[in-house]
Amino acid sequence: MGDHTIKPDDFASCFDFFDEDNAPGSPEDGEETEAVTSPFLDAAPLPPLADIFPAAVVDALGELGEIFACGTVPALAGLEMFVSTCVGNARRIWVTNTWTEPLVTWTVLVGDSGIGKSPILRWLFKPINAAESKSLREFNEACERYEVELREYLADRKAAKSKDEGNLVGIVPPPQPPRRKSLYYSGGTIDGLLQLVADNPRGIMYRSDELASTIKAFDKYSGCKGETPATLMSLHDGDSINLVFKDRKKSVYIAEGYCGIFGTVQPAIFKDMFDKSWIDSGFLPRCTLLRVEKDAPDEWTDRTLGQETASLFTDMADFFLSWDLRQDNLGASLPEIVRMDTEAKALFVTWYNDVCKRCFVSARPVVYRKILGKALRLTLLVHCVDCAINRDDASRTIDADCMRRGLRLAEYHLSQELELYRLLDEDAAKQVHPLERALMRECVKHAGDIERMGWTIPNKTLHEWVSTRLRMATLARDRLGKTCSALGMRRVKIRGGRGWMVTRELLDVFRKSA
């Protein structure tokens, strides 16, 4: 078998996308560091998608990001939603005899209205909507056949009863009403969702463009008011559900149900939506939180969607939906199990132990605990995308390369979630203005130059930095000056003119905020 133990140095090299020298919040020489060291203690940047997914997928996401002017994050979130919706519980990644994870994800995009989140997501849903339309046609046809079979059954039953004076021996069992296959739900009550989950052991994606208002009103007209968060958490974990509704006219039992969630929330109401109870209950930590921001102004493009991109996602949807989910005689799901090879398992174990150390000293331990399961689901997602592009059997073993890519993606999600939790803590759940963010990032990027210039930046130099980042040669100097003042920078006289003073402490603030 050989020695597959992964040493700490090897582990760090697996994630060489993270530049520790330029990491936000990196300690200065001579400063004390935390007892637990890790290449991930600070926010990890989004790794190049080319380091995560096959080239065809990366090109398609880049094309969509440019056409819809939404950037990389919504495109990435859309891909994750797309694959999770199509695969669901049809595949699970095996860890131990007591731990498997399905490809069921909860994703919340936090971004201002009009920033470009929804158009790309609607487009990515087109192949899924096509599958829904086909399923609906098949369901309606099945309902028509069922009505005919039911009438014939009742007629035979009546004739047999009249002929044999109540002896119904030999009459076949009554026909069963058809169940509609579905992939997602966008309704307004928990009742309708549970019915779909019961009919679809593969799982359902609950999608909402305005998750805040929808989730608060989810059970407004339900017979089990107040149970929505707990019920949804059971559907995330695949637990059994046995509910009797308040009016006692309806009950539901689901042996093993799955439900994904995908929605958007505006930053201004993010804090109001998720108070401490949503965190402590474990609901919010189950969500993958992603912040959508503009790094530069939108620019006109005449680029149109190529047929290759459209065909890619249609083919991927057909490939995933061809995976059947078997069931045993009792109706329990029998998904295809995907295992890790020895090196991939060793890599995950080393990363697992590293996360547990960070969890032990963290103010948000629940976020680190939940990232463990999310990382496995993301690794399974990367594996499924690979299989769709290469037309491989998705039950093949996950290797170390796939595990590395899945963990890179998980670390990025972790950094995003910790940042959004800070917004909840600091009562600052508002979008950072793009000009403020660009200025802070440029100051952090040129921290060494600023120190050499005596902690001051000439007006002209600062204007060049920010205007270059924003691709705005006409950026107004007075607007930039007001932004400097708003961020706490002090106007000073310097040799040759005027400039702005930045302290080491202010740079630390910029590192955490930008």
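To keep things clear, this report deals only with the structure shown in the data block. Just so you know, these numbers come straight off a predicted model, no measurement behind them. (Residues numbered from 1 in each chain as written. Predicted model: local features only at pLDDT ≥ 70, side-chain atom pairs only at ≥ 80, totals over all residues. Heavy atoms only, no water.)

## Brief notes about the overall build of the chain
Right, on to step 1. Summing up its helical and strand segments, the chain has 19 helices and 15 strands in all.
Right, on to step 2. Counting across all 514 residues of the chain, residues that qualify as buried make up 48%.
Right, on to step 3. Looking at the chain alone, contacts between residues at least 24 apart form 73% of all its contacts between residues at least 6 apart.
Right, on to step 4. Per element, the accessible surface of the chain, about 25600 Å² overall, is 49% carbon and sulfur. (Helix = DSSP H or I, 4+ residues; strand = E, 2+ residues; numbered from the N terminus. Buried < 20%, exposed > 50% of the residue type's maximum accessible area, 1.4 Å probe, protein only. Contact = heavy atoms within 4.5 Å. Areas by Shrake-Rupley, 256 points an atom, 1.4 Å probe, with all protein chains shown as cover.)

## A word on the sheet that holds strand β5 (residues 204-208)
In any sheet, the strands associate via hydrogen bonds between backbone groups, in a parallel or an antiparallel arrangement.
Right, on to step 1. The five strands are arranged β4-β5-β8-β3-β9 in an open sheet whose pairing can be described as parallel. In this open sheet, the two edge strands, each paired with only one partner strand, are β4 (184-185) and β9 (288-291).
Right, on to step 2. Pairing geometry for strand β3 (residues 106-110) and β9, over four bridges, is parallel. Bridge pairing in β9 links L109 to L290. (Pairing = 2+ DSSP bridges.)

## Quick look at unusual backbone geometry
Right, on to step 1. The phi angle at A69 is positive, at roughly 50°, despite the residue not being glycine.
Right, on to step 2. Overall, the relative accessible area of 24% leaves A69 in the partly exposed class.
Right, on to step 3. Even without a glycine there, the phi angle at R391 is positive, about 55°.
Right, on to step 4. Of note, R391 is situated in the loop between α13 (365-390) and α14 (400-426).

## Focus on the packing of helix α2 (residues 55-67) against helix α11 (residues 307-321)
A pair of packed helices can be characterised by two numbers: the angle between their axes and the separation between those axes.
Right, on to step 1. With their axes 10 Å apart at the nearest point, α2 and α11 run at an angle of 120° to one another. With respect to α11, the axis of α2 lies oblique. Crossing hand, α2 versus α11: left-handed. Note on element contacts: α11 touches α2 through T309, L312 and F313, opposite A56, V57, A60, L61, E63 and L64.
Right, on to step 2. Tallied by class, the residues present in the contact of α2 with α11 amount to seven nonpolar, one polar and one charged. (Axes fitted to C-alpha atoms, helices over the stretch in contact; angles between N-to-C directions. Parallel < 35°, antiparallel > 145°, perpendicular 65-115°, else oblique. Left-handed = near helix turned anticlockwise from the far one by under 90°. Nonpolar A, V, L, I, M, F, W, Y, C, P; charged D, E, K, R; others polar.)

## Things to note about the packing of aromatic side chains
Right, on to step 1. Evaluation of the coordinates by the stated rule reveals 13 aromatic pairs.
Right, on to step 2. An angle of 40° between the planes, with centres 5.9 Å apart, marks the rings of Y185 and Y206 as tilted. Of the two residues, Y185 sits in strand β4 while Y206 sits in strand β5, which places them 21 residues apart along the sequence. Residues Y185 and Y206 agree in their burial class; the two are buried.
Right, on to step 3. Considering the side-chain rings of F348 and Y352, the 6.1 Å spacing of their centres and the 55° angle between planes classify their relative orientation as tilted. Linking F348 with Y352, this pair stays in helix α12 (residues 342-360), spanning four residues, or about one helical turn.
Right, on to step 4. Judged by its relative accessible area of 2%, F348 falls in the buried class.
Right, on to step 5. In this structure Y352 comes out as partly exposed when scored by relative accessible area, which is 29%.
Right, on to step 6. Ring pairs connect the aromatic residues W99, F348, W351 and Y352, which therefore count as one cluster. (Phe/Tyr/Trp six-rings, centres within 6.5 Å; stacked < 30°, edge-to-face > 60°.)

## A look at helix α17 (residues 459-470)
The α-helix advances 3.6 residues per turn, and as a result positions three or four apart in sequence lie on the same side.
Right, on to step 1. With 12 residues, α17 extends 17 Å between its outermost C-alpha atoms, agreeing within 8% with the 16 Å of an ideal straight helix rising 1.5 Å per residue.
Right, on to step 2. Among all positions in α17, only L462, H463, W465, V466, S467 and L470 are buried.
Right, on to step 3. On the buried face of α17, the contacting elements are α15 (434-445), α16 (447-452), β13 (456-458), α18 (477-486) and β15 (497-501).
Right, on to step 4. Within two residues after α17, R471 carries a phi angle of roughly 55°, on the positive side. (Expected span 1.5 Å × (residues − 1).)

## Digging into the pattern of salt bridges
Any two side chains of opposite charge can pair if their charged atoms end up close together.
Right, on to step 1. Under the counting rule described, the total for this entry stands at 15 salt bridges.
Right, on to step 2. A salt bridge links R92 to E256; the nearest nitrogen and oxygen atoms lie 3.0 Å apart. Here R92 is found in strand β1 (residues 88-96), whereas its partner E256 is found in the loop between β7 (251-254) and β8 (259-265), with 164 residues between them in sequence.
Right, on to step 3. The class for E256 is partly exposed, based on a relative accessible area of 23%.
Right, on to step 4. Counted as one network, the salt bridges with shared partners bring together D354, R358 and E411. (Salt bridge = Lys/Arg side-chain N within 4 Å of Asp/Glu carboxyl O.)

## A word on the nonpolar core
Right, on to step 1. By size, the foremost hydrophobic cluster in this structure holds 110 residues, and its most contacted members are F53, V83, F313, M316 and F320.
Right, on to step 2. Sorting elements by how many residues they give to this core places α13 first, with 14 residues.
Right, on to step 3. Sequence-distant contacts of F53, defined by excluding residues within four places in its chain, comprise V58, L76, L79, L381, V382, V385, R405 and L409.
Right, on to step 4. Residues L439, I450, L470 and C484 belong to the second largest nonpolar core, which totals 22 residues. (Core = buried A, V, L, I, M, F, W, Y, C linked by side-chain atoms within 4.5 Å.)

## What to know about the sheet that holds β13
Right, on to step 1. Taken together, three strands build an open sheet; the order of strands is β13-β15-β14 and the sheet is antiparallel. Of all the strands in the sheet, the pair left with one neighbour each is β13 and β14 (490-494). Across the sheet, the mean angle separating the axes of adjacent strands is 40° when strand polarity is ignored.
Right, on to step 2. Relative to β15, β13 runs antiparallel, the two sharing three bridges. Note that in β15 the partner of T456 across the bridge is M501.
Right, on to step 3. Sitting on the sheet, α17 is in contact with β13 and β15, with an inclination near 80° to β13.

## Describing the environment of D156
Right, on to step 1. When you line up the elements, D156 lands in helix α5 (residues 126-164).
Right, on to step 2. In the structure, D156 is positioned 16 residues away from V172 in sequence and 9.3 Å away in space, judged by C-alpha atoms.

## Some points on the pairing of β14
Right, on to step 1. Here β14 runs beside β15; their pairing, made up of five bridges, is antiparallel. Directly across from R490, in β15, lies its bridge partner M501.
Right, on to step 2. The antiparallel hairpin formed by β14 and β15 contains two residues in its connecting segment, where G496 sits at a positive phi of about 90°.

## A closer look at the environment of T264
Right, on to step 1. Looking at the element boundaries, T264 is found in strand β8.
Right, on to step 2. Take T264: its relative accessible area is 4%, and that puts it in the buried class.
Right, on to step 3. With 156 residues separating them along the chain, T264 and V108 place their C-alpha atoms 5.5 Å apart.

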